[in-house]
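Below, each chain spelled out in residue letters.
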Amino acid sequence: MRYRRLTLVLFFLLIPAVAVGGALLFREKHYAWISLCVTVLTCLPIFYDFERRETGAAELMVLSVLTSLSVAGRFLFAWLPGFKPVTAITVITALWLGAEPGFIVGSMTALLSNFYFGQGPWTPFQMFAWGLLGGLAGLLAKPLRRHKLLLCLYGIFAGVFFSMVMDLFSTFWMGETFTLKRYLALAGSALPLTIEYAVSNVIFLLALTGPIGDKLDRIRGKYGLFREHETDPDDIRAFAPDESTE
Amino acid sequence: MDTFRRRHPLVPLTLLLSVLLLVMFAQTPTLTVSAFLGAVLFLCVTKTKLSVKTVLCYLVLWVLVAVTNPLFSTGGATPIVFVNGRPYTKEALLYGIHLGAMLIAVLLWFRCDRLLVPEENRFYLFGGIAPKLALLITTVLRFVPLLRRRAGEMRAAQTAVGVYDDPDWIHRTKSSMTTMSALTTWSLEHAIDAGAAMKARGYGLPGRTTYRTCRFRTMDGVCITVILPLTAVTVVALATGRLDISYYPNIITAPADTLSRCGVTAYAVLCLLPFLTSVKEAIRWSFYRSKM
Amino acid sequence: MELLSVENVTFRYPNAASDALRDVSFSVSEGQWAILCGLSGCGKSTLLRLIKRELAPYGKFSGRILFRQQAGSDSFAVLSENVSGAPALPRVSDRESAESIGIVMQDPESQIVTDTVWHELAFGLENLGLPSETIRRRVAEMAAFFGMESWYHRKTYELSGGQKQLLNLASTLAMNPRLLLLDEPTAQLDPIAAADFRNVLQRINRELGVTILMAEHRLESVLPLADRIFLMDRGTILQSGDAAGLVKYLSETSHAMTAALPTATRVYLALAGSSVVSGETTTAGDAAGIPLTVRDGRAMLRSIPCPAGEKQKDGEPRIPGEETAKAFSAKESAAVLSSKNVRFRYDRNLPDVLAEASLSLRAGEHYCLLGGNGSGKTTFLAVLAGLLKPYAGAVHLFDKKMSAYAPGTLYRNNLALLPQQPRDVFTEKTIREDLEKAFLRDAESESSNTMNALCERLGITGILDSHPYDVSGGELQKAALAKVLASRPKVLLLDEPTKGIDVRGKQELADILSELTREGTAVLTVTHDAEWAAEHADRCGLLFDGQVISEDGPGAFFDGNAYYTTAANRMTRGILPGCVTVDDILNRYRGEVPQ
């Protein structure tokens, strides 16, 4: 235990120190360097908290299965490039189970799906982007669960946000310094992809929120999991798949 | 052939981090060339086949980065042509070529990573720092192939009872969604069973340990004491500005002196380590075999 | 000395109308191999889960479950209790419970946690907080004991079902349990893997002295191994004692589990009381007198007079007359589904799974295709169902090439497949929704009537509003069959339909299928279950090395095989030629046995 705490303290002191030191050392590339440090620094406290917290066996497996579903989903829809359920599953996890599980599922999906699709310097940025989208959805869970429209908007936002982060990453790595012009050019060329992300997010959210939410409710009811993150049954009603309104 | 694979995972990790971070953030062409050559030679000596598509992708990326850089950076002093009245400079083009080479080198090193660390040790270091995440990762690595197989089975099962009719893409998307939904039900139920199996085997008892399969041996320490000083020399050379290069308006490199030469050599040795050890192993093997 | 003692346990699930367990008391002694037998739903799984405290279901519990913490200690400790006025005993600690009581459940897949074999073996030991050195030693020991060195570094998802279940057993055993609970551990395995698994269990029991408590509904192979058997029915223990006691009880009460007894025992029971084996029946209750294995059965048959007109000599295999007739009549009708020289492989670089596989299925017949594990049975079924395309040869349905069917016509009123995992056909929240969707697709006014009639016929009206994952295996299978039949197929393909189903379920399935064949539906079943095929098939075939070899009526088919055959056939080989089922044997003694 003491050993683990020591490593973490080291991490928390080391990374900011490295960030500052690196920025001084790699003068031209300091944008890229700092952005890398920021992504790592964002993930660490959440991972640390996850480590520290007690998680039951079934809860851990549910998180694992959701992550796996979102990785496997990348394969299942591989015949439609760019059409990925990752964001949707991350957001749904966050809505039903909370911000931290959302972050974990999002970031772990990035890490592990790249294990199949190819790791690269983009991995920390994807972990950061998907993790943050999950975490944010968890914080906005109440309104997002109530209104379908808001959820769709969040899907669009998520698509744009993800694209923005990845373009930012590309800009940092493909030029000596950050130039707005280069960023805009990249974002412009990636526009079709951004639109596809946004559209697929909305489609997946509309198609999967009801079914997956139902199932998460079902196992929560049947086995008493994730009790600390209660959802108001009224919130979920909006997603019952086309139940006749009587 | 697999000197690094046999080492404690900390050794290849240290090497990879040193090589990657230095090449990514330093701007020095000599370092980039070392990294590039180190990766290529290692991939050659381990007979790793890259698909034509991958190689083409790399080349296109390189050209793209090189050619587009001058469009955004106009800092150079030697214009080649004018595009829309803006100079397209030699310096910016050279910088772009360097940048492209650096990206390719990084991508190649990520390929080497697969060879340096055996698959089962990929997440080994996680186990020490973050045991729960490590457990999560190992379960996901088990679930993903399982879910892919089950998705196929479910799709077939539902097709054969006539759930899916038309082969057009709307139907296909819809049916993929149905499969996804059925897969979710199955996998969450499966998660509960797996959770029960974990509890049955004592998960949740206080004081869980992590089974460390790799032992840190003297040789691992030796390797690290080789890697770290080499890294340190390069870092010092970089920090003192001996390896600086500025591209704009004219390309000016810092004058070479002992320290800068040391820095470059140290980094080159670092990059060539996987290649050199592989060659050494190969020679030793053939020598050993010839004596048999 | 007793290791486990269950005292007056009553249990009721929340919202359940009746108790799942009612006043159950029994005990298991150290080193014993005890069996809890009973039909599906009798409460044996619930009981095991209550004993394995970590898995105890939610609900109302009363009674006491005691466990002897240290071998040889003279006092019990409490695993769970809810009684008033009992003397206070120490509680078994969580660590002790996790370590000393191991459990292996039915589904090999769902008990694996990690991605590699070595990590799986180490997982429980990590949970116990053992240092790496100790884990290394124990894991090595287990791998050696189970002979799994060659697959020690494999990925868990690459293993076969039998290997997965062995891995589950090994990783449980690595924790050094003193009591091993097994919940139908071989139900999902093929016969060869199941036999391997039982052999390992026997070694664990005999060589390591681990006490075993096993829930099982198929007694054919485990009854001879058991020291003590508890017969459960609707939440109570009806009978406890040795094998002879169980046989005596079952025969006296003609309980449904009689059909699950070993073949030799069933023959013995049918012949007992008649003049044939009168010499032994007087001592019923004495284990020596009751045959439990094929060997005992042969000895019994040798010791009794041969039925009239039968020479007790190895003769030509005889095919029972009525069976030839059936096979002949099937030959008359035209083939509805046929494959000719079909070749299939999953990848260009992989070997052929099917090599020149030919088969023809005729209207109104029930064809059983048997074959070892990995012989490509399921692949063949997928090819026949048009799910996979062969790279050579062709599959014809009603004289029309599979590929000639327009999308959406093949699986309507023509052909349907019931998959190995019946839950795979369900996509909705309740069985009713799923069935309605399937039936309403035809957009016929009377479809809801048809649906109700079918549900009535299959006996599933009571479970229609349940979630597909909340009903028992047998019920789920019938519900899946209903969904499959919704498209009114003329050809029905079934993949391992008897896997994990108890004797009663198997009989019900056979009844439904024979009704369908009588109406003219052609049924093709792929199965490992030789006994079931021998009793219910019109024709049998063996898939081996990618081809269908030896195709015949069940009598001739099984009689022609020396090893891949039924227990009844093995028991009568060279004594009563041509018998493949218990009924065949009894028919020979007809006239001498009171009907």
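Note that the structure is a prediction, hence the values are computed from the model and not measured.

K.L.:
With reference to specific residues and values, describe the overall build of chain C.
P.N.:
Per the secondary structure count, chain C includes 20 helices and 20 strands. Taken over 595 residues, chain C has a buried fraction of 50%. Sequence-distant contacts in chain C: of pairs separated by 6 or more residues, those separated by 24 or more amount to 69%.

K.L.:
Pulling in residues and values, what's your account of the overall build of chain A?
P.N.:
What chain A contains, in helices and strands, is eleven helices and zero strands. Out of the 246 residues belonging to chain A, those deemed buried represent 48%.

K.L.:
Tell me what's going on with the packing of helix 4 (residues 52–72) of chain B against helix 5 (residues 90–116) of chain B, and back it up with residues and numbers.
P.N.:
Residues and elements named next belong to chain B. Between helix 4 and helix 5, the shortest axis-to-axis distance is 7 Å and the interhelical angle comes to 150 degrees. Between helix 4 and helix 5, the interaxial angle falls into the category roughly antiparallel. In terms of crossing hand, the pair formed by helix 4 and helix 5 is right-handed. Touching Y58, L61, W62, V65, A66, V67, T68, N69 and P70 of helix 4 are A92, L93, Y95, G96, I97, L99, G100, A101, L103, I104 and L107, all from helix 5. For the contact of helix 4 with helix 5, the residue count by class is 16 nonpolar, four polar and no charged.

K.L.:
Hey, could you go over the sheet that holds strand 12 (residues 354–362) of chain C for me, with residue numbers and the actual values?
P.N.:
Residue and element names in this part refer to chain C. If you walk across this open sheet you meet the four strands as 12-11-14-15, and the pairing is antiparallel. In the strand order of this sheet, the two ends are held by strand 12 and strand 15 (400–401), each with one partner. Here strand 11 (residues 335–344) runs beside strand 12; their pairing, made up of six bridges, is antiparallel. Bridge pairing in strand 12 links S339 to L359.

K.L.:
Requested: an account of the domain arrangement of chain A, with residues and values cited.
P.N.:
Residue and element names in this part refer to chain A. Domain parsing of chain A yields domain 1 (1–53) and domain 2 (56–237). Listed as interface residues are twelve residues of domain 1 and, on the opposing side, 15 residues of domain 2. A class-by-class count of the residues in the side of domain 1 that touches domain 2 yields seven nonpolar, three polar and two charged.

K.L.:
Run through the packing of helix 2 (residues 30–52) of chain A against helix 6 (residues 123–139) of chain A, naming residues and quoting values.
P.N.:
The angle between the axes and the distance between the axes are what describe a pair of packed helices. Residues and elements named next belong to chain A. Two numbers describe how helix 2 lies on helix 6: the axes approach to 9 Å, and their chain directions differ by 45 degrees. Classed by the angle they form, the pair helix 2 and helix 6 counts as oblique. Handedness of the helix 2/helix 6 crossing: left-handed. Seen from helix 2, the contacting residues are L36, T39, V40, T42 and C43; seen from helix 6, they are P124, F125, M127, F128, G131 and L132.

K.L.:
Which residues make up the interface of chain C and chain B, and what values do they have?
P.N.:
Counting from both sides, the interface comprises 52 residues of chain C and, opposite them, 44 residues of chain B. Elements with a contribution of two residues or more to the side of chain C that touches chain B: helix 2 (94–100), helix 3 (117–127), helix 4 (132–145), helix 5 (161–173), strand 16 (415–418) and helix 15 (473–485) of chain C. Considering every element that reaches the side of chain C that touches chain B, the biggest residue donor is helix 3 of chain C, with six residues. Here the residues of the side of chain C that touches chain B sort into 24 nonpolar, 16 polar and twelve charged.

K.L.:
Hey, could you go over the sheet that holds strand 18 (residues 522–527) of chain C for me, with residue numbers and the actual values?
P.N.:
Each strand in a sheet pairs with its neighbour through backbone hydrogen bonds, running either in the same direction (parallel) or in the opposite one (antiparallel). Residue and element names in this part refer to chain C. Pairing is mixed in the open sheet, where six strands are placed in the order 16-17-18-13-19-20. Pairing within the sheet leaves two strands with one partner each, and these edge strands are strand 16 and strand 20 (547–552). The sheet shows a mean angle of 20 degrees between the axes of neighbouring strands, direction not considered. Of the strand pairs in this sheet, strand 17 (residues 491–495) and strand 18 are connected by five bridges, and their pairing is parallel. Across the sheet, residue L494 finds its bridge partner in strand 18, namely T525. Sheet strands touched by helix 12 (residues 377–384): strand 13 (366–370), strand 16, strand 17, strand 18 and strand 19 (539–544). Its angle to strand 17, the strand with the most contacts, is close to 155 degrees.

K.L.:
With reference to specific residues and values, describe the domain arrangement of chain C.
P.N.:
Residues and elements named next belong to chain C. For chain C, the assigned domains are domain 1 (2–109 + 179–245), domain 2 (262–319 + 566–595) and domain 3 (324–565). Taken together, the contacts link eight residues of domain 1 with nine residues of domain 2. Class assignment for the residues of the side of domain 1 that touches domain 2 results in five nonpolar, one polar and two charged.

K.L.:
Explain the pairing of strand 4 (residues 60–67) of chain C to me, using residue names and the numbers behind them.
P.N.:
Residue and element names in this part refer to chain C. Where strand 1 (residues 2–12) meets strand 4, seven bridges bridge the pair, whose relative direction is antiparallel. From the neighbouring strand, L4 faces strand 4, where its bridge partner is F67. By the bridge criterion, five bridges tie strand 4 to strand 5 (residues 77–82) in an arrangement that is antiparallel. When the sheet's bridge partners are listed, G63 is paired in strand 5 with N82.

K.L.:
If you had to explain the confidence of the model for chain A to someone new, which residues and values would you point to?
P.N.:
Residue and element names in this part refer to chain A. Here chain A averages 80 in pLDDT, while 83% of its residues score no lower than 70. Mean pLDDT per element in chain A: helix 11 (residues 233–237) is the minimum at 41, and helix 4 (residues 86–97) is the maximum at 92. Ignoring residues within four places in sequence, the model shows residues 231–246, a span with pLDDT below 50, making 18 contacts including any to other chains.

K.L.:
How would you summarise the nonpolar core if you had to cite specific residues and measurements?
P.N.:
Counting 315 residues, the largest nonpolar core has V91 and L133 of chain A together with V23 of chain B as its most contacted members. The biggest single contributor to this core is helix 7 (residues 131–160) of chain B, with 13 residues.

Cut-offs applied
Residues numbered from 1 in each chain as written. Chains lettered and ligands numbered in written order. Predicted model: local features only at pLDDT ≥ 70, side-chain atom pairs only at ≥ 80, totals over all residues. Helix = DSSP H or I, 4+ residues; strand = E, 2+ residues; numbered from the N terminus. Buried ≥ 20, exposed ≤ 12 C-beta atoms within 10 Å, placed from the backbone. Contact = placed C-beta atoms within 7 Å. Axes fitted to C-alpha atoms, helices over the stretch in contact; angles between N-to-C directions. Parallel < 35°, antiparallel > 145°, perpendicular 65-115°, else oblique. Left-handed = near helix turned anticlockwise from the far one by under 90°. Nonpolar A, V, L, I, M, F, W, Y, C, P; charged D, E, K, R; others polar. Pairing = 2+ DSSP bridges. Domains from an automatic or database assignment. pLDDT = per-residue confidence, 0-100. Core = buried A, V, L, I, M, F, W, Y, C linked by C-beta atoms within 7 Å.

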